[in-house]
Amino acid sequence: MNRVPFILSTIAVAVLAGCGSDPKVAPAPAPVVVVMQPPAAQPSTPGPIVVAPAAVALRAGFGRIESILGIPSAAAGATAANSTRRITMRMDDGSTQYFDTQAAGMAVGDRIEITKDGTMRHPA
């Protein structure tokens, strides 16, 4: 009996299974804002004021990647490359979302979709 059709169909199933999962994304906070105080405003507390916004839940929808930033590893002295990236996404309604993902093969300007279950479809 010829095994070639069985082998080819097994390879096809394996390839399609690898394409079937969308990467999960996690909401990330917006960039930190540092504001310098005027000297006369607070003479007893010199220095900048740091405003760090909290991460908000992701909204489902379509948009484009505005920036991709590599996130350094949290472990001090880590030598392994960290594949987590912080993505800035401009939604079609003009709003901006920030999230972290380990998905590869993305570039600024690519169209993506955030689904209701917290996954990213690329390309959308």
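A quick note: this is a predicted structure, and the numbers were derived from the prediction, not measured. (Residues numbered from 1 in each chain as written. Predicted model: local features only at pLDDT ≥ 70, side-chain atom pairs only at ≥ 80, totals over all residues. Heavy atoms only, no water.)

Some details on the overall build of the protein
This is how it is decided: Numbering of helices and strands runs from the N terminus; a helix is a DSSP stretch of H or I covering at least four residues, while a strand is a stretch of E covering at least two. The classification of residues rests on relative accessible area computed with a 1.4 Å probe and restricted to protein chains. Under 20% of the type maximum is buried, over 50% is exposed, and intermediate values are partly exposed. In this description, contact between two residues means that some pair of their heavy atoms is separated by no more than 4.5 Å. Here the Shrake-Rupley method, with its probe set to 1.4 Å, supplies the accessible areas, and only the displayed protein chains count as covering residues.
In terms of helices and strands, the protein carries one helix and eight strands. Counting over 124 residues, the protein shows a buried share of 19%. Of all intrachain contacts in the protein linking residues separated by at least 6 positions in sequence, the fraction that spans at least 24 positions is 51%. Entry remark: accessible area of the protein is about 8600 Å², with carbon and sulfur atoms responsible for 64%.

Side note on the sheet that holds strand β6 (residues 96-101)
Which entries qualify depends on this criterion: In this scheme, strands are said to pair when DSSP sees at least two bridges between them.
Taken in spatial order, the six strands line up as β1-β6-β5-β4-β7-β8 in an open sheet, and their pairing is antiparallel. In this open sheet, the two strands that pair with only one neighbour each are β1 (25-27) and β8 (120-121). Here two bridges tie strand β7 (residues 111-114) to β8, and the two strands are oriented antiparallel to one another. Counterpart to Ile-114 in the pairing with β8 is Met-120.

Quick notes on the pairing of strand β5 (residues 85-91)
With seven bridges connecting them, strand β4 (residues 61-70) and β5 associate as antiparallel partners. Along β5, the bridge assignment pairs Leu-69 with Arg-86. As defined by bridge partners, β5 adjoins β6 across six bridges and the pair is classed as antiparallel. Paired with Ile-87 across the bridge in β6 is Phe-99. The turn linking β5 back onto β6 is made up of four residues, and Gly-94 within it adopts a positive phi angle of 95 degrees.

Description of unusual backbone geometry
Cis geometry is found at the peptide bond from His-122 to Pro-123, where omega equals -5 degrees. Checked against the element boundaries, Pro-123 lands in the segment after β8.

Re the nonpolar core
For clarity, the threshold we go by: Nonpolar cores are built from buried Ala, Val, Leu, Ile, Met, Phe, Trp, Tyr and Cys residues. Side-chain atoms within 4.5 Å join them into one set.
The biggest cluster of nonpolar side chains holds 11 residues, and these are Val-25, Ile-65, Ile-87, Met-89, Met-91, Phe-99, Ala-103, Met-106, Ile-112, Ile-114 and Met-120. For this core, the secondary-structure elements that each account for two or more residues are β5 and β7. Here the element with the most residues in this core is β5; it accounts for three residues. Excluding anything up to four places from it in sequence, Met-89 contacts Gly-61, Phe-62, Gly-63, Arg-64, Ser-95, Thr-96, Gln-97, Phe-99, Ile-112 and Ile-114.

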